[in-house]
Amino acid sequence: METVFKTQLLDEQAINRALTRIAHEIVEKNKGIDNLVLIGIRTRGIYIAKRLEERIGQIEGIQLPVGSIDITLYRDDLQEKAEQPQISGHEIPVSIKGKKVVLVDDVLYTGRTVRAALDALIDLGRPSLIQLAVLVDRGHRELPIRPDYVGKNVPTSLTEVVAVHVKEIDGEDKVVLLEIKS
């Protein structure tokens, strides 16, 4: 199977605007940033979380703790993977016990990645609250998971793929829609 480019959904400026809006929504919904921690899901969720932290820092004048979580061992499809999983571990600079955690990911699809991240978070401590921020929600949920903050809703077909590119990994910021050709 190959994937072919279909269209660009977001350019760098649209991503920046979406992240600025999400940052303001996080501050507003939480009535400030007391007890707040941002945790990005590996891999691209980490970079989105760091960018949200920068924007929230500009708004509130305070730096938030930002961490990352690796859900590899919590995936429910681990047995189906042919190769040995690469495990990076968690990097969370503060205890999440009793904190408000905003879990950050690039694309929300079936909800299985978020479910795995929730399991991993609970193993690390019991936050008082967990919220979900995603850059793109593409639909097709298999689990009852709904984001609190969304950059862009993109209805997709099952033969389409949403690919988020970030400068830190891909050299540019953009979100594209690909078509799977069989």
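Coordinates for the structure precede this section.
The notes below deal with the structure included here. (Residues numbered from 1 in each chain as written. Predicted model: local features only at pLDDT ≥ 70, side-chain atom pairs only at ≥ 80, totals over all residues. Heavy atoms only, no water.)

## Here we look at the overall build of the protein
Next up, step 1: Of the regular secondary structure elements, the protein holds four helices and eight strands.
Next up, step 2: Of the regular secondary structure in the protein, the N- to C-terminal order runs β-α-β-α-β-β-α-β-β-β-α-β.
Next up, step 3: Here the protein has a C-alpha radius of gyration of 16 Å; the compact-globule value for 182 residues is 16 Å, and the two agree.
Next up, step 4: Here the C-alpha coordinates of the protein stretch approximately 50 × 40 × 30 Å along the principal axes.
Next up, step 5: Looking at the 182 residues of the protein, the share that counts as buried comes to 45%.
Next up, step 6: Expressed as a percentage of contacts within the protein between residues at least 6 apart in sequence, the contacts between residues at least 24 apart total 69%.
Next up, step 7: Total accessible area on the protein stands at roughly 9,700 Å², and carbon and sulfur atoms take up 47% of it.
Next up, step 8: With 25 positive and 28 negative side-chain charges, the protein shows a spacing of 4 Å between the two charge centroids. (Helix = DSSP H or I, 4+ residues; strand = E, 2+ residues; numbered from the N terminus. Rg over C-alpha atoms; globule rule 2.2 N^0.38 Å. Buried < 20%, exposed > 50% of the residue type's maximum accessible area, 1.4 Å probe, protein only. Contact = heavy atoms within 4.5 Å. Areas by Shrake-Rupley, 256 points an atom, 1.4 Å probe, with all protein chains shown as cover. Lys, Arg positive; Asp, Glu negative; His and termini not counted. Charge placed at Lys NZ, Arg CZ, Asp CG, Glu CD.)

## Some thoughts on the pairing of strand β2 (residues 36-41)
Next up, step 1: With six of six residues buried, β2 lies mostly within the body of the structure.
Next up, step 2: Side chains L36, L38 and G40 of β2 all project onto a buried face; the interleaved residues V37, I39 and I41 project onto the opposite face, where all are buried too.
Next up, step 3: Strand direction decides the pairing type here: β2 and strand β4 (residues 100-108), joined by five bridges, are parallel. Within β4, the residue paired with V37 across the bridge is V101.
Next up, step 4: As paired elements, β2 and strand β3 (residues 66-69) share four bridges and run parallel to each other. In the strand pairing of β3, G40 is matched with S68.
Next up, step 5: On the question of chirality, the crossover connecting β2 to the parallel β3 by way of helix α2 (residues 44-60) is right-handed. (Pairing = 2+ DSSP bridges. Right-handed = clockwise from strand over helix to strand, strands pointing away.)

## Topic: the sheet that holds strand β8 (residues 174-181)
Next up, step 1: The strand order across the open sheet formed by three strands is β1-β8-β7, and the pairing between neighbours is antiparallel. Whereas interior strands pair on both sides, the edge strands pair on one side only; in this sheet they are β1 (2-10) and β7 (160-165). Between one strand and the next, the sheet's axes are offset by a mean angle of 30 degrees, whatever the strand orientation. (Axes fitted to C-alpha atoms, helices over the stretch in contact; angles between N-to-C directions.)

## Examining the pattern of salt bridges
Next up, step 1: Using the criterion set out here, one finds 13 salt bridges in the structure.
Next up, step 2: K6 is the partner of E160 in a salt bridge, and the nearest nitrogen-oxygen pair spans 2.4 Å. Of this pair, E160 sits in strand β7 while K6 sits in strand β1, and the two are 154 residues apart along the sequence.
Next up, step 3: The buried category is assigned to E160, whose relative accessible area is 7%.
Next up, step 4: Residue classification places K6 among the partly exposed positions, given a relative accessible area of 43%.
Next up, step 5: Close ionic contact of R115 with D119 constitutes a salt bridge, the shortest N to O distance being 2.4 Å. Of this pair, R115 and D119 both sit in helix α3 (residues 112-124), four residues apart, roughly one helical turn.
Next up, step 6: Using a relative accessible area of 22% as the deciding quantity, one classes R115 as partly exposed.
Next up, step 7: Here the residues in one salt-bridge network are K6, E160 and E179, joined through shared partners. (Salt bridge = Lys/Arg side-chain N within 4 Å of Asp/Glu carboxyl O.)

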